[in-house]
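Topology and contacts: notes
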Amino acid sequence: MSYQSPDILSANAKKILNDYINNVDSLKAKDRLKIPPQEMPAQDPIIRGQNLEEVAIGYTMEEARVEALRCLECVKQTCIDGCPVKIDIPRFIKHIAYGEFQQSVNVIKEASLLPAICGRVCPQESQCQENCKVGIAMKDVDKSVAIGRLERFVADWEREQGTVKIPHVKSETGKKVAIVGSGPAGLVVAADVRREGHEVTIFEAFHKLGGVMRYGIPEFRLPNSIVDEEIETLIKMGVKIQKNYVVGRTRKLTDLIDKDGFDAVFVGTGAGLPLFMGIEGENLVGVFSANEYLTRANLMRAFDKKGADTPIYPSKIVAVLGGGNVAMDSARMALRLGAEKVYVIYRRTEVEMPARKEEVLHAKEEGIEFHFLQNAKKILGDEKGKVKGMECLRYELGEPDSSGRRRPVVVEGSEFTIELDTVIVAIGNGSNPLIHQTTPELQTNKWGNIIVDKNQKSSMDKVFAGGDIVLGAATVILAMGEGRKAAAAINEMLAQKLA
Ligand SMILES: Cc1cc2nc3c(=O)[nH]c(=O)nc-3n(C[C@H](O)[C@H](O)[C@H](O)COP(=O)(O)OP(=O)(O)OC[C@H]3O[C@@H](n4cnc5c(N)ncnc54)[C@H](O)[C@@H]3O)c2cc1C
Ligand code: SF4
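About the thresholds
- Residues numbered from 1 in each chain as written.
- Chains lettered and ligands numbered in written order.
- Predicted model: local features only at pLDDT ≥ 70, side-chain atom pairs only at ≥ 80, totals over all residues.
- Heavy atoms only, no water.
- Helix = DSSP H or I, 4+ residues; strand = E, 2+ residues; numbered from the N terminus.
- Rg over C-alpha atoms; globule rule 2.2 N^0.38 Å.
- Contact = heavy atoms within 4.5 Å.
- Areas by Shrake-Rupley, 256 points an atom, 1.4 Å probe, with all protein chains shown as cover.
- Lys, Arg positive; Asp, Glu negative; His and termini not counted.
- Charge placed at Lys NZ, Arg CZ, Asp CG, Glu CD.
- Near = heavy atom within 4 Å.
- Polar contact = N/O pair within 3.5 Å; in protein donor to acceptor, adjacent residues only side chain to side chain.
- Nonpolar A, V, L, I, M, F, W, Y, C, P; charged D, E, K, R; others polar.
- 1 Å grid on protein atoms, 1.4 Å probe; cavity = no way out; pocket = protein on both sides within 12 Å on 5 of 7 lines; lining within 4 Å.
- Points joined across faces, edges and corners; volume = space filled by probe spheres on them.
- Core = buried A, V, L, I, M, F, W, Y, C linked by side-chain atoms within 4.5 Å.
- Buried < 20%, exposed > 50% of the residue type's maximum accessible area, 1.4 Å probe, protein only.
- Sits in = over half its atoms within 2 Å of the grid points.
- Disulfide = S-S within 2.5 Å.

Remarks on the overall build of the chain
The helix and strand tally for the chain stands at 20 helices and 16 strands. Taking 23 Å as the expected radius of gyration for a compact globule of 499 residues, we find that the chain reaches 24 Å, a close match to that expectation. Dimensions along the principal axes, computed over C-alpha positions, put the chain at roughly 65 × 65 × 50 Å. The contacts of the chain with a sequence gap of at least 6 include a subset with a gap of at least 24, amounting to 70%. When the accessible surface of the chain is split by element, carbon and sulfur atoms take 51% of a total near 22,300 Å². When the 66 basic and 68 acidic side-chain charges of the chain are each reduced to a single mean position, those positions are 2 Å apart.

The structure is reproduced here in structure tokens:
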């Protein structure tokens, strides 16, 4: 689909809503299926490639209501089956159709604590929207009801109205809970445990909170102000925060329990250990892990070329290796940091790419070049040890592998060289080994992920875990879902002790 300006999209939606506004109650499924899907308004691709402001602008009221009218209010609500936290999707959408935005956001909050975040970054097309009957009827998941965009709309609407309520906190119980890591898993546990009146302290290794939502996902997809507001709410609830505190180094996990008197600990330390290709030249100057690149840009403000203490390596031609969301974010960030050309090099085809379709489309609109069925063989350096090029190989697709995707097979003798000065490796992350190394009694699997039972309880007494440190690199909503389960189990354990 080609780019359409927000003004045109808004004018179209106003007209459609006018046509339907008086007969909302009598709309039949066949009428609803005729309503055109509402595209997400976005910044102009040329302009946004040079700024860090949010690319997707968000629906207007009219766009949201028109999109909500597309929902068939199905009896068998397959969309809910696809939602990891089981939001009552048809109910929240129906409120939007009638312009009842506060009621709508209240429905979402029964199940999800961070709708402004999930509405922006959840992979809806492979969850709720994949199961939507509208998309199924139209044989195109992109034509499903835009559940995520609607979620974002009402969450933003509530924030703009200033009606976000601070959750009620019960009277103090005298029990203390430590949360290690301030990503979505940790934040959700903090809120749910604090609500029960327990004292909660978040320990975070970095100087800022939010985990990958802050230092991984760039501002042009998830503004920091939204993460800040969630944290502000926790502070208002009385959650205590200890930054620059590396559990395992500053203090061991067992010390929190044995010496500091915490009654329960939740470990939500994520999967922040970058994986590399293991090819020649990866130690050259100008090769970055996506983690380092994005952390420098997002957390250390490297894009602020005059003001930042740690400005980033200047790049003209950048290759990003990988095909997931992390690769898309790195490529688009490289463009915004001033690169003249950015290639994404992926060894399968676009069909197998794990990145969200919307992000791939946005990257293409911004001018990122995609090179499919290719991969790096070695990175080439100059006499000063700086990257000057990359030798690549061409691939073709074979049979599906264990991931279900068709296996890339090297085309023998297909080597070719490209010139570039920067390589960003974005092929995945493993779990950080620190807590495991310093707490040997904590059982982990062969990838270093913490082993938990169905209540997120680890092998250690009083210690729970969830999010990427349990699942391996996953998603915000799955991390949140695990956080909610862990919080429920911690609350139950502490309630028994208090009884
Ligand atoms: C670039 C990028 C883009 C992504 N895009 C998406 C997307 O579009 N949609 C989506 O759903 N998911 C996306 N993800 C994945 C998603 O962000 C993660 O699945 C999610 O953040 C995991 O949450 P978590 O709470 O488990 O851990 P994290 O968010 O990783 O947070 C862990 C926190 O623990 C802290 N920590 C680690 N060790 C210690 C320690 N020893 N002591 C104290 N603190 C510690 C870390 O500093 C960090 O703040 C993306 C990931 C990346 C890297
Ligand atoms: S499956 Fe789609 S159309 Fe049906 S209730 Fe859910 S969102 Fe609405």
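After presenting the structure, the write-up continues.
Examining the site of ligand 1
The local shell around ligand 1 holds 34 residues, among which Val 121, Glu 204, Arg 221, Val 247 and Asp 468 are the closest. A distance of 3.0 Å is found between an oxygen atom of ligand 1 and a backbone nitrogen or oxygen belonging to Val 212. Relative to its free-state accessible area of 1,000 Å², ligand 1 is covered by the protein chains to the extent of 94%. Of all the secondary structure elements, the ones that give two or more residues to the shell around ligand 1 are helix 11 (184-195), helix 12 (212-215), helix 16 (325-336) and helix 20 (476-498). The dominant element in the shell around ligand 1, judged by the number of residues it contributes, is helix 16, at three residues. Looking at the shell around ligand 1, its residues break down into 19 nonpolar, 11 polar and four charged.

Quick word on empty space enclosed by the protein
Tallied over the full model, the rule gives three cavities of 30 Å³ or more. Reported here for the largest cavity is a volume of approximately 120 Å³. Every residue lining the largest cavity is counted, 17 residues in all, and those nearest its centre are Cys 71, Cys 74, Cys 79, Cys 132 and Lys 133. Looking at the lining of the largest cavity, the elements with two or more residues in it are helix 5 (78-81), helix 6 (89-97) and helix 9 (133-137). It is helix 6 that contributes the most residues to the lining of the largest cavity, three residues altogether.

Remarks on the nonpolar core
Counting residues in each nonpolar core, the largest one holds 80 residues, and the members touching the most others are Ile 89, Phe 92, Ile 93, Leu 150 and Ile 490. A total of 10 residues in this core trace back to one element, the largest contributor, which is helix 20. If we ignore the near neighbours within four places in the chain, the residues touching Ile 93 are Ala 68, Cys 71, Val 145, Ile 147 and Leu 150. The next biggest cluster of nonpolar side chains, apart from the first, holds 32 residues, and it includes Tyr 293, Val 318, Val 320 and Ala 363.

Digging into the site of ligand 2
For ligand 2, the full set of nearby residues is Cys 71, Leu 72, Cys 74, Thr 78, Cys 79, Pro 90, Cys 132, Lys 133, Val 134 and Ile 147. More than half of the atoms of ligand 2 fall within 2 Å of the grid points belonging to the largest cavity. Within the residue set of the shell around ligand 2, elements represented by two or more residues are helix 5 and helix 9. Class assignment for the residues of the shell around ligand 2 results in eight nonpolar, one polar and one charged.

So, helix 15 (residues 290-298)
Because an α-helix packs 3.6 residues into every turn, residues spaced three or four apart end up facing the same way. Across the nine residues of helix 15, seven count as buried, placing the element largely inside the fold. Listed in full, the buried residues belonging to helix 15 are Ala 290, Asn 291, Tyr 293, Leu 294, Thr 295, Ala 297 and Asn 298. Buried-residue contacts for helix 15 involve helix 12, strand 5 (273-274), strand 6 (287-289), helix 16, strand 14 (422-425) and strand 15 (429-430).

With respect to the state of the cysteines
Within the structure shown, the criterion is met by zero disulfides. Left without a disulfide partner, Cys 118 is nearest to the cysteine sulfur of Cys 122, which lies 4.2 Å away. Look at Cys 118 and you get buried, because its relative accessible area is 0%. No disulfide involves Cys 128; its nearest neighbouring cysteine sulfur is the one of Cys 83, lying 6.2 Å away.

Details of the side chain of Asp 329
For Asp 329, the position within the fold is in helix 16. Residue classification places Asp 329 among the buried residues on the basis of a relative accessible area of 3%. Asp 329 has contacts with Gly 216, Ile 217, Pro 218, Phe 220, Arg 221 and Leu 294, leaving out every residue within four places of it along the chain.

Limitation: the analysis is restricted to geometry and does not speak to function.
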